[in-house]
Amino acid sequence: MKDLVNTTRDIARELARRYSTMTHDELDALESILVPMKFAKGEMILKEGEVCRNIYFIEHGLIRQFYYKNGKEVTEHLGEDHTIFMCIESLFKEEPTRLQVEALEPTLVYAMPKQDLEVVALHNVNIQMMYRKILEESLIISQIHADLVRFESAQSRYKKMCKLNPQVVLRAPLVYIANYLQMTPETLSRVRAASLYDE
């Protein structure tokens, strides 16, 4: 159990480093709400119809956020080690989500329950700052993805993803990368082959 406590402190420190400097008291407050959760490969972290109540930080692992449209899966987000994910609409409206989140590898996440986070943010200005920056980052990531599939060619989409998320490109199954980039696996294979010739 001691290791887990140490790790929780490490995660609080990492979040502070990334988003906002914090005092010892603020680190204590942040650490007190972190909930470690382990998922096996293929296990669902969040299912359609559930309410998303947490912001999740991936300590290690790989996740896929997806939904069904006309009976087909659409991958909306792929997240790797040391990144954040959430189902933002469900989180803030407190309504069932249409998104699902699956662990693509054995994954350890630290959940920050929104309710607890808002309580500690009330009394700690740097936790408030962290909360805001996490939400800003999440919105920017969504916008980048929307613009990618809206405006960029297949070749350009793949190249940008290699630059922005090299670990995801290396580790995620190609079918999900293709789906995320809104192209067929065949198109992705052609694009990847062409990218190798370009180098």
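Below: a short report on this structure. (Residues numbered from 1 in each chain as written. Predicted model: local features only at pLDDT ≥ 70, side-chain atom pairs only at ≥ 80, totals over all residues. Heavy atoms only, no water.)

1. Digging into the pairing of strand β8 (residues 107–113)
The cut-off we apply is this: Remark: exposure states derive from per-residue accessible area (1.4 Å probe, protein chains only) relative to the maximum for the residue type, with buried under 20%, exposed over 50%, and partly exposed in between. For the purposes of this entry, the term helix denotes a DSSP run of H or I that reaches at least four residues, the term strand denotes a run of E that reaches at least two, and both are numbered from the N terminus. Paired strands are those between which DSSP finds at least two bridges.
Of all 7 residues in β8, 7 are buried, a share of seventy percent or more. Taking every second residue as pointing to the same face, both faces of β8 are buried, with Thr107, Val109, Ala111 and Pro113 on one and Leu108, Tyr110 and Met112 on the other. The pairing of strand β1 (residues 35–39) with β8 spans 5 bridges and is antiparallel. What sits directly across from Met37, in β8, is Val109.

2. Section: the environment of Glu48
The following threshold applies: Contacts between residues were defined by any pair of non-hydrogen atoms, one from each residue, lying within 4.5 Å.
Counting through the fold element by element, Glu48 comes out in the loop between β2 (44–46) and β3 (54–60). Expressed as a C-alpha distance, the spacing of Glu48 and Ser195, which sit 147 residues apart in the sequence, is 36 Å. Beyond its immediate stretch of four places on either side in the chain, Glu48 contacts Tyr68, Thr97, Arg98, Leu99 and Gln100.

3. Description of the packing of aromatic side chains
Heads up, the rule is: Think of it this way: a Phe, Tyr or Trp ring, Trp meaning its six-membered ring, pairs with another when their centres are within 6.5 Å, and the plane angle makes it stacked under 30 degrees, edge-to-face over 60, tilted otherwise. As a reminder, the over-ring test applies to NZ of lysine and CZ of arginine, requiring each to be within 6 Å of the ring centre and within 35 degrees of the ring normal.
Taken as a whole and judged by the stated rule, the model has 2 aromatic pairs. For the ring pair Tyr56 and Phe85, a centre distance of 4.8 Å and an interplane angle of 10 degrees mean the geometry is stacked. Here Phe85 lies in strand β6 (residues 84–85) and Tyr56 lies in strand β3, a separation of 29 residues in the sequence. When sorted by exposure, Tyr56 lands in the same class as Phe85, which is buried. With a centroid separation of 5.9 Å and an interplanar angle of 80 degrees, the aromatic rings of Phe66 and Tyr68 are classed as edge-to-face. A relative accessible area of 4% means that Phe66 is categorised as buried. Looking at Tyr68, the relative accessible area reads 41%, which means it is partly exposed. The ring centre of Phe66 lies 3.8 Å from the NZ or CZ of Arg64, which sits over that ring. Taking the ring centre of Tyr176 as reference, the NZ or CZ of Arg64 above it sits at 3.9 Å.

4. Examining the nonpolar core
The condition that has to hold: In this text, buried Ala, Val, Leu, Ile, Met, Phe, Trp, Tyr and Cys residues form a nonpolar core when linked through side-chain atoms within 4.5 Å.
Ranked by size, the top nonpolar core spans 41 residues in total, and within it Leu15, Leu30, Ile55, Ile84, Met112, Ile127 and Met130 carry the most contacts. What Met112 contacts, discounting residues up to four positions off in sequence, is Leu15, Leu30, Ile33, Leu34, Arg53, Asn54, Ile55, Ile84, Met130 and Ile134. Ranked by size, the runner-up nonpolar core spans 17 residues in total, among them Val169, Ala172, Tyr180 and Met183.

5. A closer look at the sheet that holds strand β7 (residues 100–103)
Here is the rule we go by: Lines fitted to the C-alpha atoms define the axes, with helices restricted to the stretch that makes contact. Angles between their N-to-C directions range from 0 to 180 degrees.
The strand order β2-β7-β4-β5 describes an open sheet built from 4 strands, whose pairing is antiparallel. This sheet does not close on itself; its edge strands, each paired only once, are β2 and β5 (72–80). On average, each strand axis in the sheet is inclined to that of its neighbour by 30 degrees, with strand direction left out of account.

6. Here's the deal with a nonpolar patch on the surface
To keep it simple, the criterion reads: Here the term patch refers to residues with relative accessible area over 30% and no salt bridge, with like charges joined within 9 Å and nonpolar side chains (Val, Leu, Ile, Met, Phe, Trp, Tyr) within 5 Å. Using a 1.4 Å probe, accessible areas were evaluated by the Shrake-Rupley method; residue-level cover was limited to the displayed protein chains. Salt bridge, as used here, is a side-chain nitrogen of Lys or Arg placed within 4 Å of a carboxyl oxygen of Asp or Glu.
A cluster of nonpolar side chains, contributed by Ile140, Ile144 and Leu164, occupies part of the molecular surface with about 280 Å² of accessible area. Considering the arrangement of structural elements, one finds Ile144 in helix α5 (residues 125–151). The exposure class assigned to Ile144 is partly exposed, which follows from its relative accessible area of 39%.

7. Concerning the pattern of salt bridges
Summed over all chains, the structure comprises 14 salt bridges. A salt bridge links Glu118 to Lys114; the nearest nitrogen and oxygen atoms lie 3.6 Å apart. Of this pair, Glu118 and Lys114 both sit in helix α4 (residues 114–123), separated by 4 residues, roughly a single helical turn. Taking the relative accessible area as the measure of exposure, Lys114 reaches 11% and is therefore buried. Residues Glu136 and Arg132 are paired through a salt bridge, measuring 3.1 Å at the closest nitrogen-oxygen approach. Of this pair, Glu136 and Arg132 both sit in helix α5, 4 residues apart, which is roughly one turn of the helix. Look at Glu136 and you get partly exposed, because its relative accessible area is 37%. According to the relative accessible area criterion, Arg132 is partly exposed, its value standing at 48%.

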